[in-house]
Amino acid sequence: MKKLLLLLITFTSIQQFYGQRLKSYKHIENDTVYLDFINPFYAPMEVKLSPLDSTKGFIKVNPYSFIKYKDTLKKAVAIPIARLADTSKIHIKSYLKFKANFGDSNRDADNNHAYLLPYPKGKRYKVIQSFGGKFSHNDPHSKYAIDFGTKVGDTITAVRSGKVFFVKEDSKEHCRTRKCINTANKLYILHDDGSMAHYVHLDFEGALVDVGDMVKAGQPIAISGMTGFTTIPHLHLVLYKSGGLSIPFYFKGQKRKKLKQGRFYKRKL
């Protein structure tokens, strides 16, 4: 007996940091339910799965997988039908621990690449929080982020050429606590070395590009706003490698590799 059903599985780490969803197909063969995971995004993903202590005696999982865009990880999870009260409703977090991130750990980001400042040539903005900022740039995910004091309605430009792989622009909400972290409008771009730029706190319907678009360095891509976990309008810019780890970067035309909090920086190039 075989049965096919399209499901949506939300992974905790992606929901927290990306607001993303993986697609999954459930199919039943004989006495077992299998889950296949599909990556619908333009960026590759790494997925790590492990059974809970209470389920490791009967559930089978593929512990690590790398999934390219549109690829399918077949039979990632196998659960005996006898262990399911209802095969139409599978609460995956009752069976698994999981972690998923964009990127490819087999590729190294180019640490020698110089980026453009994320606003039009001739404009200058104040850095309100730099690398290692005490307010919110104090964990591996955000250690190398930079906050620019933009105003709502200002133009944001691409720091490097690449492909847009995620856009969220449906939020009008912001607050001063982390409960609003997933309400930020944002735009993600994948670069040719596998690094990824995240532009966060954009305006409602503030994206100027669509998922799948190729953009050039310096091209207008979004409108700055005040959404998500923030106390003032600003652009949160961070570069990632695989594993959701932020990486240091520097800008063309600037003498300092690390921009200093409290100083204004003009884009000259």
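Predicted, not measured: the structure shown is a model, and the values here were computed from it. (Residues numbered from 1 in each chain as written. Predicted model: local features only at pLDDT ≥ 70, side-chain atom pairs only at ≥ 80, totals over all residues. Heavy atoms only, no water.)

Undergrad: I keep staring at the sheet that holds strand β4 (residues 45-51) and nothing clicks. Help me out?
TA: The strands that make up a sheet pair up through hydrogen bonds in the backbone, lying either parallel or antiparallel. With antiparallel pairing, three strands are arranged side by side in an open sheet as β6-β4-β8. Edge positions in the sheet fall to β6 (64-67) and β8 (96-102), since each has one partner strand and no second. Taken over all neighbouring pairs, the strand axes of this sheet differ in orientation by 15° on average, direction set aside. Looking at chain direction, β4 and β6 are connected through four bridges and run antiparallel. Among the inter-strand pairings, V47 is bridged to a residue of β6, identified as S65. (Pairing = 2+ DSSP bridges. Helix = DSSP H or I, 4+ residues; strand = E, 2+ residues; numbered from the N terminus. Axes fitted to C-alpha atoms, helices over the stretch in contact; angles between N-to-C directions.)

Undergrad: Would you mind going over the pattern of salt bridges with me for this structure?
TA: Within this structure, the stated rule accounts for five salt bridges. Put simply, K75 and E29 hold a salt bridge, and the shortest N to O gap is 3.5 Å. On the criterion of sequence distance, the pair formed by K75 in strand β7 (residues 72-80) and E29 in strand β2 (residues 22-29) is long-range, its members being 46 residues apart. Its relative accessible area of 41% is what places K75 among the partly exposed residues. The shortest N-O distance in the salt bridge between D192 and R160 comes to 3.1 Å. Of this pair, D192 sits in the loop between β15 (185-190) and β16 (196-207) while R160 is found in the loop between β12 (155-157) and β13 (162-168), placing the two residues 32 residues apart along the sequence. Classification of D192 by relative accessible area gives exposed; the value is 62%. On the basis of relative accessibility, which here comes to 6%, the residue R160 falls in the buried class. (Salt bridge = Lys/Arg side-chain N within 4 Å of Asp/Glu carboxyl O. Buried < 20%, exposed > 50% of the residue type's maximum accessible area, 1.4 Å probe, protein only.)

Undergrad: It is not clear to me how the state of the cysteines should be interpreted in this structure. Could you clarify?
TA: Two cysteines joined by a covalent bond between their sulfur atoms form a disulfide. Taken as a whole and assessed by the stated rule, the structure comprises one disulfide. The disulfide that involves C175 links it to C180, with 2.1 Å between the sulfurs. Torsion about the S-S bond of the C175 and C180 cystine: about 125°, corresponding to right-handed handedness. No difference in accessibility class separates C175 from C180, as the two residues are buried. (Disulfide = S-S within 2.5 Å.)

Undergrad: I'm lost on the nonpolar core in this one. Help?
TA: The nonpolar side chains of a soluble globular protein tend to be buried with one another. In this structure, F37, L49, V77, I79, Y95, L96 and F165 are the most contacted members of the largest nonpolar core, which totals 33 residues. Broken down by secondary-structure element, the contributors of at least two residues to this core are β2, β3 (32-38), β4, β7, β8, β13, β15 and β20 (235-241). Residues V127, F131, L237 and I247 belong to the second largest nonpolar core, which totals 31 residues. (Core = buried A, V, L, I, M, F, W, Y, C linked by side-chain atoms within 4.5 Å.)

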